[in-house]
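Analysis of the macromolecular model
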Amino acid sequence: MTEGDKAPRNGGQWGRSVDLLIVGGGVMGLWAALKAARAGLDVLLVDEGRLGQGASYGHLGALMAHMPDKWNAKKQFQFDALLSLETEVRALEAETGLSTGYARTGRLIPLPKPHLRDIALRHETEARINWRAGDGRRFEWRVTDQPPVPGWSQTEGIEGGFVLDTFAARANPRGFTASLTAALRHFNNVGVAENVAVLDLDGMRSEARLSTGDIIGFGHAIVASGYQAFPMLERLLPARKTPLGMPVKGQSALLAAEIDPSLPLIFLDGLYVVPHEGAKIAIGSTSENVFDEPFATDEQLEALIRRARQLVPALKDAPVIDRWAGLRPKALARDPMVGPVPEAQRIIALTGGFKVSFGIAHRLADAALRSVLGSAEVEIPSTFRVEHHLA
Ligand SMILES: Cc1cc2nc3c(=O)[nH]c(=O)nc-3n(C[C@H](O)[C@H](O)[C@H](O)COP(=O)(O)OP(=O)(O)OC[C@H]3O[C@@H](n4cnc5c(N)ncnc54)[C@H](O)[C@@H]3O)c2cc1C
């Protein structure tokens with residue numbers, strides 16, 4: 001590493017080995033780094049680009065629970081994580097003085113067909129049972145006839161009414177990762193190396209080879225390199241013939257419009273319209289398993305923008321101020337992938353958040369750090385464990 005990359009940002013000089021090496025500084029790696037830093041570990045966070053500029057550099061930041069029906073351990077984990085995020089975010093904002101753009105503003109779901117209303121009414125009852133916080137708060141899946149404000153959304157062709165989900169929240173992804181990055185600066189036990197790639201992890205020697213030619217020894221390593229974690233983990237599992245996961249492309253846009261940021265985000269058939277602070281509205285997202293140009297936007301995004309303008313007349317002439325595309329990490333078994341790799345116990349997977357990483361990364365980071373810190377077990381659904389993904 002050059003001196004500039006060698007993490008003097010936090011005043012430290014890094015030797016040839018660290019307690020914890022973290023590969024990838026997206027929302028997953030940043031939470032892991034912050035929590036490890038708070039626990040006093042010597043941490044080196046390495047990113048082949050800039051921190052927070054992989055898949056975590058989006059616009060939407062929708063934070064939503066699973067449907068309230070057929071409740072199970074996975075739905076409960078996500079619900080609890082989304083609840084605890086509120087406290088984590090407040091602490092982060094207090095620590096850094098920066099805004100993550102977080103607010104529990106809810107979600108509005110237009111129901112185009114009448115039969116959807118009957119289903120929604122069932123979910124209304126189920127939410128009463130399942131969407132309860134330990135502190136007594138209850139959240140609703142409320143069926144209503146009108147949107148909260150005329151025009152948000154339009155009502156033409158919406159025959160079943162609307163659902164107002166009062167649990168959903170949103171955050172600004174770029175503000176969120178910038179806050180996590182800023183928080184790391186308070187710790188002189190954290191080194192950050194940007195524009196440096198980890199080329200290989202050696203599970204036997206507990207060593208990493210970097211693109212700079214350096215070899216770094218580690219007590220543990222967390223692989224949080226988004227979709228690129230899959231091939232890195234596969235190299236530790238030579239017997240495995242099928243890939244662990246794949247990238248799924250997504251495109252989104254940011255519009256400028258004087259819209260009340262406390263309005264609920266709108267969700268209709270894969271289209272999200274998310275009001276943010278500062279008169280900005282995020283529109284997304286495509287979900288593309290096959291693509292030629294991973295980081296380019298195209299007509300599929302323009303079609304989404306047209307749909308958004310139709311659904312919300314106030315966006316009719318709103319200028320597009322940014323268009324963006326990124327690659328989400330999707331595990332073959334679909335769920336997040338967290339925990340020690342059976343063949344290399346000091347190497348820990350932390351990836352596969354696919355479309356929901358921002359709501360759960362802080363809890364997954366706790367789970368990933370458990371074997372490093374020897375801390376109490378963090379209950380994660382069994383389908384998140386690496387063993388499940390390998391099976
Ligand atoms: C259009 C779009 C909309 C989305 N909307 C939402 C949403 O509303 N809500 C939500 O929760 N999620 C959403 N997501 C998903 C979410 O953004 C991702 O799940 C999340 O960002 C993944 O975080 P990560 O830390 O795992 O990966 P990333 O953010 O991709 O971070 C991985 C990092 O690893 C680095 N890296 C890779 N290989 C190496 C290497 N060999 N050495 C060193 N560094 C390496 C990369 O440079 C990158 O910075 C959306 C995604 C997209 C694309």
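This section reports on the structure supplied with the text. In this text the structure is predicted, and so the values were computed from the model without any measurement. (Residues numbered from 1 in each chain as written. Predicted model: local features only at pLDDT ≥ 70, side-chain atom pairs only at ≥ 80, totals over all residues. Heavy atoms only, no water.)

Before going further, it helps to spend a moment on the sheet that holds strand β6 (residues 162-165). If you walk across this open sheet you meet the eight strands as β5-β6-β4-β13-β14-β15-β12-β16, and the pairing is mixed. The open sheet has two edge strands, β5 (141-144) and β16 (320-331), and neither has a second partner. Each strand of the sheet is rotated relative to its neighbour by a mean of 20 degrees, with strand direction disregarded. The pairing of strand β12 (residues 245-256) with β16 spans 11 bridges and is antiparallel. Paired with M246 across the two strands is K330, which belongs to β16. Contacting β12, β13 (265-268), β14 (271-276), β15 (280-284) and β16, helix α6 (residues 299-311) runs over the sheet at an angle of about 45 degrees to β12. (Pairing = 2+ DSSP bridges. Helix = DSSP H or I, 4+ residues; strand = E, 2+ residues; numbered from the N terminus. Axes fitted to C-alpha atoms, helices over the stretch in contact; angles between N-to-C directions. Contact = heavy atoms within 4.5 Å.)

By the alternation rule, side chains of strand β10 (residues 207-210) split into A208 and L210, which are all buried, and E207 and R209, of which none is buried. For strand β9 (residues 198-202) and β10, the ladder comprises four bridges, and the chain directions are antiparallel. Counterpart to L201 in the pairing with β10 is A208. Count of turn residues in the β9/β10 antiparallel hairpin: four residues, of which S206 carries a positive phi of about 55 degrees. By the bridge criterion, three bridges tie β10 to strand β11 (residues 215-223) in an arrangement that is antiparallel. (Buried < 20%, exposed > 50% of the residue type's maximum accessible area, 1.4 Å probe, protein only.)

So, about the nonpolar core. Ranked by internal contacts, the top residues of the largest apolar core, which has 63 residues, are W31, F176, I222 and L350. Each of domain 1 (8-57 + 175-244 + 333-390) and domain 2 (104-167 + 246-331) contributes no fewer than three residues to this core. Setting aside its immediate chain neighbours within four residues, F176 contacts V27, W31, L85, V89, T100, A171 and F358. Among the nonpolar cores identified, the runner-up in size contains 29 residues, and V18, L201, L236 and V341 belong to it. (Core = buried A, V, L, I, M, F, W, Y, C linked by side-chain atoms within 4.5 Å. Domains from an automatic or database assignment.)

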